[in-house]
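Summary of the model geometry
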Amino acid sequence: MPTGRRSKAAWLAPIIASLLGFAPLWAAPHLKPVGPDAIAANTQAVPLKLGGRTIVQGSGFASGWPGVYAEARFVGASALIGPFSGRSRWRVSIDGAGIGVLDTLVAPVFVVEGLSDEAHTLRLERIDEDRFAIIQIAGVYVPPSGRTLPPAPPKLRQIEFIGDSFMPGFAMSAASFECTDQKIWEATDTSLAWPVLVANALDADYQINAYSGAGFVRNFVYQRAWPTMPSLYERAVPAVAGLYRRPTTWRPELMIIGLGENDFEPPILTTDALPTVDAVRTAIVPAIARFVQRLRRENPAARIVLLDYGHLPSRTAHEAALAHLSPADRRQVSLLTMDRNFGLTACYSHLDPADHRLVADRVLRWLGDRE
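What counts as what
Residues numbered from 1 in each chain as written. Predicted model: local features only at pLDDT ≥ 70, side-chain atom pairs only at ≥ 80, totals over all residues. Heavy atoms only, no water. 1 Å grid on protein atoms, 1.4 Å probe; cavity = no way out; pocket = protein on both sides within 12 Å on 5 of 7 lines; lining within 4 Å. Points joined across faces, edges and corners; volume = space filled by probe spheres on them. Helix = DSSP H or I, 4+ residues; strand = E, 2+ residues; numbered from the N terminus. Nonpolar A, V, L, I, M, F, W, Y, C, P; charged D, E, K, R; others polar. Buried < 20%, exposed > 50% of the residue type's maximum accessible area, 1.4 Å probe, protein only. Contact = heavy atoms within 4.5 Å. Polar contact = N/O pair within 3.5 Å; in protein donor to acceptor, adjacent residues only side chain to side chain. Salt bridge = Lys/Arg side-chain N within 4 Å of Asp/Glu carboxyl O.

Taken as a whole, the largest pocket holds about 850 Å³ of empty space. Forming the walls of the largest pocket are 28 residues, and the residues nearest its centre are Ser165, Phe170, Phe220, Tyr348 and His350. Where the lining of the largest pocket is concerned, the elements lending two or more residues are helix H2 (181-187) and helix H5 (261-264). Ranked by the residues each element gives to the lining of the largest pocket, the list is headed by H2, at three residues. Among the residues making up the lining of the largest pocket, the classes are represented as 10 nonpolar, eight polar and 10 charged. Counted as a void, the second largest pocket has a volume near 430 Å³. Lining the second largest pocket we find 25 residues, and of these Leu50, Gly51, Thr54, Pro247 and Thr249 sit closest to its centre. Mapped onto the lining of the second largest pocket, the elements with two or more residues apiece are strand E3 (48-51), strand E4 (55-57) and strand E17 (204-210). Residue contributions to the lining of the second largest pocket peak at four residues, all from E3. Considered class by class, the residues forming the lining of the second largest pocket number 13 nonpolar, nine polar and three charged.

Let us look at empty space enclosed by the protein. As enumerated under the stated definition, the model contains one cavity of 30 Å³ or more in all. Quantified by volume, the largest cavity comes out at close to 40 Å³. Considering the residues around the largest cavity, the lining is formed by Asp164, Gly258, Leu259, Gly260, Glu261, Leu307, Asp308, Tyr309, His311 and Ser314. Residues that form the lining of the largest cavity fall into these classes: three nonpolar, four polar and three charged.

Here we come to the environment of Asp355. Tracing the chain through its elements places Asp355 in helix H9 (residues 353-368). In this structure Asp355 comes out as buried when scored by relative accessible area, which is 3%. Considering only alpha carbons, one finds Asp355 and Thr345, 10 residues apart in sequence, at a separation of 9.0 Å. Ignoring sequence-local partners within four residues, the contact set of Asp355 consists of Phe342, Gly343, Leu344, Thr345 and His350. In this structure the side chain of Asp355 is engaged in a polar contact, spanning 2.7 Å, whose partner is the backbone nitrogen of Leu344.

Under the defined criterion, the tally for this structure stands at 19 salt bridges. A salt bridge links Asp103 to Arg89; its shortest N-O distance comes to 3.8 Å. On the criterion of sequence distance, the pair formed by Asp103 in strand E10 (residues 97-103) and Arg89 in strand E9 (residues 89-94) is long-range, its members being 14 residues apart. Both residues of the pair, Asp103 and Arg89, belong to the buried class. Arg281 is paired through a salt bridge with Asp278; the nearest N and O atoms lie 2.5 Å apart. On the criterion of helical spacing, the pair formed by Arg281 and Asp278 is a turn pair, its members being three residues apart in helix H6 (residues 277-298). What you see here is one network of salt bridges that share partners, running through Glu71, Arg123 and Glu125.

Dropping the structure here:
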């Protein structure tokens, strides 16, 4: 008569299977680094659905922007990811459940194992920000025993986010003001930043075209030699002056711009092209208007939102920029303002995880009030 207790044979089965080199049937999906020999055993390239600014390269892609992601659908008990080049960190999930973080500094090739021999969706989300690097991934592959499936179609909603370090989740989980480069690398997680929270809540595909230190007319002092966002926005990869050719399927209905704080952030050097706060204030208003007008021409059906995080100079500049727009443009442009009641306990007074959730909640409530 059944007692609800497992027999000795049942308890011994996974141990014996492990000793013989087989995984038990109830082994959980897991991620592990492997050597290059594993590539030869995984020969079928899985077609990818790509999100964010990417450059298709064979079965894989290249990118330099934060928050890019890829999805692969397949039937089988395992999949290989890579090889990677360039340093990057990726959150990996299977069928909506996270199974770990892939760090290319650990290894260039990883496998996902322990899957049931059924249909699966593997998702890779880039969580770091290394704006000086170009990362590449050869693709996602399955062995001959598996089967590839076509990528999922684009989602009905598409959102584009344009901003600075508050968008990629810069060092969000580091609860200290000063941080080493290694700490920033480990503590940045774009998958938990407010743009991704908003996109997930709305079941939307997204791009995060953000860059730490970026401004409209002046970058933060440490990035003063780099282009400002209106110029950087043209690029397929931030570190390379090459035009981005967006796919025909990318038609965002909503574009949220969160920029302006770095323009006014001290120190403003007398050797800068804009050597005073007044010079910045004079230059930024028409620059915002020009950028918005450009986005309107390229995305005539999109609603454009100028967002500030309770930063008064940015808010004032946003308000003044509206006066430079035509009545038709003004009907498609909105201002989203916030109170500055954030913890800002992450590195160098950046948004911490609670702040990111708070911003996401405010954005979602603001959007909900207008639907």
